[in-house]
Amino acid sequence: MSNPREEEPLSRAARAAEDLYHLRDTYFPPNPDDRISKLQHESDLALQLLDSIPPEQRKSPMQRATFEYLRGKMLDVFPNYRKEAEDHLSKAVKLNPSLADAWLCLGNCIWKKGDLTAAKNCLSLALGKGPNKKILCQLSMLKRKMSQGAENQAELVEESIQHAKEAITLDVKDGNAWYNLGNACLTSFFVTGAWDHTKLLHSLKAYQNAEKDESMKSNPDLFFNGATVNKYLENYQRALSGFEAAALKDPGLNAVEEVQKIVNLLDKVDNLLKGHVRAKRMASLASSLVAVDLKSSYRRVTIDLLSEGPNRALALEGKVFFFVRSESVAPLYYLLCDSNQSCFVLSIYGVRTDVIKEGDQLTLLDPYFRDVDLSWKEKRYQFKSIRLDFYEQVLVNGKALTPQQAIRTSIYAQHKP
Amino acid sequence: EEKIGKELIKSICKNRGNDELCMQVLSSDPDSDHADLQELALISLKAAASNASGILNDCKRMIDNQDLEPKIQQGLADCKENLLDAEGQIQDAVASILNNDKLDAQVWLKAALAAIDTCDDSIPGDDDVLSRKSVSFRQLCNIAVAINKAMLAART
């Protein structure tokens, strides 16, 4: 019944709106003002195209709904809230309540206004009309935003994760849905005290799946966030490459600073290992190591006997040489030596900063071992590294730590053997 | 009274296109006679993981064939990466089911199915050996998907 040519102007306008949003998501010039002015220019062009549609071609309720939706969408491309955009989008969803994309834009617009509850209600109402991966992703992001400063923060972030997973089940190849899950898991890692590395692993896997989607190649945040996870997992080479890729795509991100933080840490470790470890002091510390009573299930080893990865039921004794100051909230870094006078780095999660001191003897249980060997900008870094994810994995001077000495006191089951 | 064992297996398999394979796989484990939904899901995933490992080994062997043209070799290399992903994702699905997180299990099962699709797409031609072998992998994953959906339905 409909005349193909009658649809064409609105279709062209819809494509112009999509191009406008693609520009918003991928155009990151060195000067942020250039970005704003280009967005303004392209937005004006898109609006002109929309306004050039003759009135007789936007007469039916469907056409009017689409027209209002597109106008609202074009007006809403900027970071700040515009009432005019909200008005057009509200009109669009009244004219056609089935227009999912209009609900999506309206929810986002209301979010910018700062009314998070109304935005959530808007998106939830839209979901009631049928599952929609874009709306689920938007709701997932909104829940994370609402969790900031909220009493039930962890609960809201968990809801965010569930929405992200629902979006993926609708389209498992949608990189944006995987990206969103990665963000939700990463947020969950931070709001639960930055100790649970399984959340980091889940986040990393989600980002890796996101990268399979070609359309995500132009998303600088994906590379930045993936690099952040790799940093916390101590995959330093991947972290450095990821931050560098992110910096190339969007100079506005502080990816260059993140690279510098990692390099600073590596340089500090490298300098300590090469220049500050006096043989005499090391021999003195190593010889002062005493045998600590262990459960019979643990076998005592030195670092050269460890395998790459997890080492179940093994215990490593070491003396603390130095506390290595870093710019990250977690983990804590220490330089230790074992009874063979082999030096290694310990990174430990879940322990307060005042618990372990230089000179302490540590017993490391079930250590995760990595032989770090990476190159960056013509410089090579090589050292042995131990990671502990739970405070129960360390004895300090032969004594187990109390929950009060941990960052958080909640009980978790996954580490129980 | 909840169904278990053979009765449960029949009800799961009757709605599937390839109910013979479904019955065979779910009945093959020593614990099948008393299995509940979760245990049946784990049985099917165990079979899927074993199947994926078999395909991966075939893929690795084929990659070593120096007579293959470069385009096929590159396709096999890409396929191998996706098979490794699928293997990991099956393990993730197992972990999720053991943690009673059925939505998470669904995510990883679908990801594994998507990975095997990408594997097939990366190899030129429509009737290569790996594509034929991956049919059974899809069938096994879909059995687990069906059981997982039954568990999701039982929850509400």
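All figures in this text were calculated on a predicted structure; none of them were measured in a lab. (Residues numbered from 1 in each chain as written. Chains lettered and ligands numbered in written order. Predicted model: local features only at pLDDT ≥ 70, side-chain atom pairs only at ≥ 80, totals over all residues. Heavy atoms only, no water.)

Let us look at the pairing of strand 3 (residues 314-324) of chain A. Residues and elements named next belong to chain A. Of all the 11 residues making up strand 3, 10 are buried; the element is thus mostly covered by neighbouring parts of the structure. When strand 1 (residues 299-301) meets strand 3, the two strands line up parallel, connected through three bridges. The residue of strand 3 that forms the bridge with Val301 is Leu316. In this structure, strand 3 lies alongside strand 6 (residues 361-365), joined through five bridges in antiparallel fashion. By the bridge assignment for strand 6, Gly318 is matched with Leu362. Note that strand 3 and strand 4 (residues 332-337) share five bridges and pair antiparallel. Considered in strand 4, the bridge of Phe322 is made with Leu335. (Buried < 20%, exposed > 50% of the residue type's maximum accessible area, 1.4 Å probe, protein only. Helix = DSSP H or I, 4+ residues; strand = E, 2+ residues; numbered from the N terminus. Pairing = 2+ DSSP bridges.)

The next point concerns the state of the cysteines. Residue and element names in this part refer to chain B. Within the structure shown, the criterion is met by two disulfides over all chains. Cys79 shares a disulfide with Cys119; S-S distance 2.0 Å. Placement of Cys79 in helix 4 (residues 70-98) and of Cys119 in helix 5 (residues 102-122) is noted, with a sequence separation of 40 residues between them. Accessibility expressed as a relative area gives 1% for Cys119, which makes it buried. (Disulfide = S-S within 2.5 Å.)

It is worth spelling out the pairing of strand 5 (residues 343-348) of chain A at this point. Residues and elements named next belong to chain A. The buried fraction of strand 5 amounts to six of the six residues, a majority that puts the element mostly inside the structure. Alternating positions in strand 5 separate into two faces, Cys343, Val345 and Ser347 on one and Phe344, Leu346 and Ile348 on the other, with burial throughout. In the sheet, strand 4 pairs with strand 5 via six bridges, with the strands oriented antiparallel. The residue bridging Tyr333 from the neighbouring strand is Ser347, located in strand 5. Connecting strand 4 to the next strand, strand 5, in antiparallel fashion are five residues, including Gln341 with a positive phi near 65°. Note: strand 5 against strand 8 (residues 379-388), four bridges, orientation parallel.

This part covers the pattern of salt bridges. All names here are of chain A. Overall, the coordinates contain 34 salt bridges over all chains when judged by the stated rule. Of the charged contacts in the structure, one is a salt bridge between Lys274 and Asp270, with a shortest N-O distance of 3.3 Å. Remark: Asp270 and Lys274 occur in helix 13 (residues 255-276); sequence separation between them is four residues, near one turn of the helix. Asp270 gets classed as buried once you look at its relative accessible area, which sits at 7%. Residue Arg387 pairs with Asp389 through a salt bridge whose shortest N-O separation is 2.9 Å. (Salt bridge = Lys/Arg side-chain N within 4 Å of Asp/Glu carboxyl O.)

This part takes up the nonpolar core. By size, the foremost hydrophobic cluster in this structure holds 79 residues, and its most contacted members are Trp178 of chain A together with Leu26, Ile90, Phe137 and Ile147 of chain B. When residues are assigned to domains, this core turns out to be shared by domain 1 (9-228) and domain 2 (275-405) of chain A, each giving three or more. Once you skip the residues sitting within four places of it in the chain, Phe137 of chain B turns out to touch Ala48, Asn51, Ala52, Ile55, Ala86, Ile90, Ala112 and Ile116 of chain B. With 42 residues, the next largest nonpolar core counts Phe78, Leu104, Ile135 and Leu142 of chain A among its residues. (Core = buried A, V, L, I, M, F, W, Y, C linked by side-chain atoms within 4.5 Å. Domains from an automatic or database assignment. Contact = heavy atoms within 4.5 Å.)

Turning next to the packing of helix 2 (residues 32-51) of chain A against helix 3 (residues 61-75) of chain A. All names here are of chain A. At a minimum axis distance of 9 Å, the contact between helix 2 and helix 3 shows a crossing angle of 165°. For the element pair helix 2 / helix 3, the angle class is roughly antiparallel. Helix 2 and helix 3 meet at a crossing whose hand is left-handed. The residues of helix 3 that touch helix 2, namely those facing Ser43, Ala46, Leu47, Leu50 and Asp51, are Phe67, Leu70, Arg71, Met74 and Leu75. (Axes fitted to C-alpha atoms, helices over the stretch in contact; angles between N-to-C directions. Parallel < 35°, antiparallel > 145°, perpendicular 65-115°, else oblique. Left-handed = near helix turned anticlockwise from the far one by under 90°.)

Shape is all these values report; function is a separate question.
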